Amino acid sequence: MNTYELAARLWQVLISAAHNRQVLTYELAGKPLGLGPNTLSDHLGKIQHYCERNQLPLLPILVVSKETGRPGPGFPAVKDLDIERERVFAHHWFGMKPPAAVDFQA
């Protein structure tokens, strides 16, 4: 499975967490896909770029370090993490067509 296919699968994990107003550690986010916590950055980056291109809330904000409770260093600077997280929670993710692997390639 390539990184784009994994990003599409990780998308499903993240929108489920958003629907349930959950924040996930890297370990918990990767577990349903059989991925280790140190292997998510590429996939989260693809999701982040998709969100930016499509003017969506930054879904990867839900994945945080268990040590700091904050997104990793690759996450873009936002004025207020809590406000952006609330935007993610409030968005109707299940009301939109989920992106396919090819959508993360752009």
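Residues numbered from 1 in each chain as written. Predicted model: local features only at pLDDT ≥ 70, side-chain atom pairs only at ≥ 80, totals over all residues. Heavy atoms only, no water.

Draft legend 1. Molecular detail of the overall build of the chain. Along the chain, the regular secondary structure elements total four helices and two strands. Along the chain, helices and strands appear, N-terminal first, in the series α-β-α-α-β-α. Taken over C-alpha atoms, the radius of gyration comes to 12 Å for the chain, in line with the 13 Å a tight globule of 106 residues would show. Each principal axis of the C-alpha atoms in the chain carries an extent, and together these give about 30 × 30 × 25 Å. In the chain, once contacts between residues fewer than 6 apart in sequence are set aside, the share between residues at least 24 apart is 70%. (Helix = DSSP H or I, 4+ residues; strand = E, 2+ residues; numbered from the N terminus. Rg over C-alpha atoms; globule rule 2.2 N^0.38 Å. Contact = heavy atoms within 4.5 Å.)

Draft legend 2. Layout of the packing of helix 1 (residues 3–19) against helix 3 (residues 41–53). Where helix 1 contacts helix 3, the two axes come as close as 8 Å, and the packing angle between them is 75 degrees. With respect to helix 3, the element helix 1 is oriented roughly perpendicular. Here Thr-3, Tyr-4, Leu-6, Ala-7, Leu-10, Trp-11 and Leu-14 of helix 1 lie close against helix 3, whose contacting residues are Asp-42, His-43, Leu-44, Lys-46, Ile-47, Tyr-50 and Cys-51. (Axes fitted to C-alpha atoms, helices over the stretch in contact; angles between N-to-C directions. Parallel < 35°, antiparallel > 145°, perpendicular 65-115°, else oblique.)

Draft legend 3. Expanded view of helix 3. Taking 1.5 Å of rise per residue, 13 residues should cover 18 Å, and helix 3 covers 18 Å from first to last C-alpha, within 8% of that figure. All of the buried residues in helix 3 are His-43, Leu-44, Ile-47, Gln-48, Tyr-50 and Cys-51. Looking down the long axis of helix 3, one finds its buried residues gathered within 160 degrees of arc, a one-sided arrangement. For helix 3, the elements touching its buried residues are helix 1, helix 2 (26–30) and strand 2 (63–64). Just downstream of helix 3, Gln-55 is the residue with a positive phi angle, here 50 degrees. (Expected span 1.5 Å × (residues − 1). Buried < 20%, exposed > 50% of the residue type's maximum accessible area, 1.4 Å probe, protein only. Arc of directions from axis to C-beta.)

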